[in-house]
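# Descriptive structure summary
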Amino acid sequence: MAGQKVRTRFAPSPTGYLHVGGLRTALYNYLFAKKMKGDFIIRIEDTDQSRKVEGAQLNLIKTLEWAGIVPDESPEHGGDYGPYVQSERLHIYNQYCQQLLEDKNAYYCFSTPEELEENRQLQIKQGLQPKYNRKWLPEEMGGSMPSSEIRKKMESGAPYVIRMKVPDYVSVWFEDIIRGPVEFDSSTIDDQVLMKSDGFPTYHFASVIDDHLMEFTHIIRGEEWLSSMPKHLLLYEFFGWEPPKVAHLPLLLNPDRSKLSKRQGDVAVEDYIRKGYSSETIVNFVALLGWNEGEGSEKEVYSMEELIERFSLERVGKAGAVFNVEKLNWLEKQYIKNRPAEKIMQVIKPILLAELEKRTTLQPLEVIKSEDYLRQVIELMRERVGFEHEFITFSSYFFFEPETFEEEGVKKRWNADTNDLLREFIPELESLGEFSAENIETKLKEFVAPKGLKAAVLIHPLRILTSGLSFGPSLYHMLEVLGKETVIRRILSGIEKIAISV
Ligand code: GLU
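Residues numbered from 1 in each chain as written. Predicted model: local features only at pLDDT ≥ 70, side-chain atom pairs only at ≥ 80, totals over all residues. Heavy atoms only, no water.

## As for the side chain of Arg 490
Here Arg 490 is to be found in helix 21 (residues 484-501). A polar contact of 3.5 Å, which involves the side chain of Arg 490, links it to the backbone oxygen of Leu 465. Contact partners of Arg 490, with chain neighbours within four places excluded, come to Leu 362, Glu 401, Pro 402, Phe 405, Leu 465 and Thr 466. (Helix = DSSP H or I, 4+ residues; strand = E, 2+ residues; numbered from the N terminus. Polar contact = N/O pair within 3.5 Å; in protein donor to acceptor, adjacent residues only side chain to side chain. Contact = heavy atoms within 4.5 Å.)

## Thoughts on the pairing of strand 5 (residues 171-176)
The side-chain alternation of strand 5 yields one buried face, formed by Val 172, Phe 174 and Asp 176, and one unburied face, formed by Ser 171, Trp 173 and Glu 175. Alignment of strand 5 against strand 6 (residues 180-185), held across six bridges, turns out to be antiparallel. If you follow Glu 175 over to strand 6, its bridge partner there is Pro 181. Linkage of strand 5 to strand 6, two consecutive antiparallel strands, is achieved through a turn of three residues. (Buried < 20%, exposed > 50% of the residue type's maximum accessible area, 1.4 Å probe, protein only. Pairing = 2+ DSSP bridges.)

## Regarding the site of the ligand
The full set of residues close to the ligand is Arg 9, Ala 11, Ser 13, Glu 45, Tyr 203, Arg 221 and Trp 225. Here a nitrogen atom of the ligand and a backbone polar atom of Ala 11 are 2.8 Å apart. Side-chain polar atom of Glu 45 to a nitrogen atom of the ligand: 2.6 Å apart, as the coordinates give it. (Near = heavy atom within 4 Å.)

## Quick look at the pattern of salt bridges
Across all of its chains, the model carries 36 salt bridges by this definition. Across the pair Asp 72 and Lys 34 runs a salt bridge, and its minimum N-O distance is 2.8 Å. With Asp 72 in the loop between helix 2 (56-66) and helix 3 (90-102) and Lys 34 in helix 1 (residues 20-35), the pair connects residues that are 38 residues apart, well separated along the chain. We classify Asp 72 as partly exposed; its relative accessible area is 34%. (Salt bridge = Lys/Arg side-chain N within 4 Å of Asp/Glu carboxyl O.)

## Examining the nonpolar core
Within the largest apolar cluster, 54 residues are counted, with the highest numbers of intra-cluster contacts made by Phe 398, Phe 399, Leu 429, Leu 458 and Ile 491. Residues contacting Phe 399, with those up to four places away along its chain left out, are Leu 352, Thr 361, Leu 362, Gln 363, Ile 368, Tyr 373, Leu 374, Val 377, Phe 391 and Ile 392. Counting 49 residues, the second largest nonpolar core, distinct from the first, contains Ala 26, Ile 42, Trp 291 and Met 304. (Core = buried A, V, L, I, M, F, W, Y, C linked by side-chain atoms within 4.5 Å.)

Here it is, written out as structure tokens:
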């Protein structure tokens, strides 16, 4: 293996959406491969035909690509080691299974599901770990079934599976990159089914064959597969193949340290995409679910390039990693805070255009769509929004007529004189040469001071009239971005509406 190009794989089953745990597995495989100047491959494991979901394969690959995880080989991209979908490789599994049968490392099993269940229940009752009872293990392989019986059953056309014969009294040992040495006693290993009665291989068999034929150097996957390792290693041994290096990733946990589940929040990557998280944040967040750079590093915000440069399997922990949504939201905020306005614009423009079809605009369209205007909105709001789409939805008053005025705010901030005061202030605003935050502020203060009033008597009503809301960014800056004409128009029309309600 020394000197060999690193090859890793993500091997999802196309049973639905991409789970965040799956994204982490894919990401770690990708980061490790890229760091080692190797290749990252996607293989689709669809041997359980009953669980296959139409369209899931493409969706998985597209979601990974959204995250910036682009494979070097995959069913969609091709490659020299294909086909990359297991259901297209059945002839290969058959051929290798034949070899195991001939070498007496596998045998036919005709036990019915009812028999197996009965046996299982019996073993549980006896306090034993349920295992196949080897009823059909042939005499010549150390079992008790005569070959004549096996032949007879085969000729009758009875359905069968093919099982591996786990050697007795051996210990299977391996070194996990994350967990260190792991040992299993073969007495705990079941005679795993390799080929099912529908002619499809099981996961265990197909993945070992493919991992070898596709020349993977490292297998990086979830902890739930750790207990399958001994079966896999025995298969490697039967074939005389050198096994790849393995790393089993820690579990993902809910904040209460139970296993991450749908019941406590979203687990599908698509749910997070729909909510508006950026791919950069999701990748950053998922990368930190189990990996850290080590002592002394306070860094939490990483780009994909930085992750590739710094990632190492040795720094992946064994303990479960808690999925903390607050951290995710914090990362998204950091991301928006630091992202160049041009990039944000690319995301929000299509949202704006879609909204424009539905709403009455506050200003002429050319203003709203102008890059200069968008940039000003972005700079003013970037510290206040949680998602990029909120530049449009959260501060929609920069683009659209506020449809309502916050009732509570109006109640609290208006008195009998407020509308007159606002009317009186309009010519002051009109007189401003440069409609800048600074000038507006000075003007407002100069206007209220001789009346013995506080700036607040105008600040709050102005905010409500121009935005519909009683909270938001600095009022003066907000008015500057909105522009003189719009501000005055909104005050006038707002006063009319509010005069009716107060
Ligand atoms: N198809 C398995 C899964 O969906 C792959 C496990 C592995 O990486 O070996 O988790």
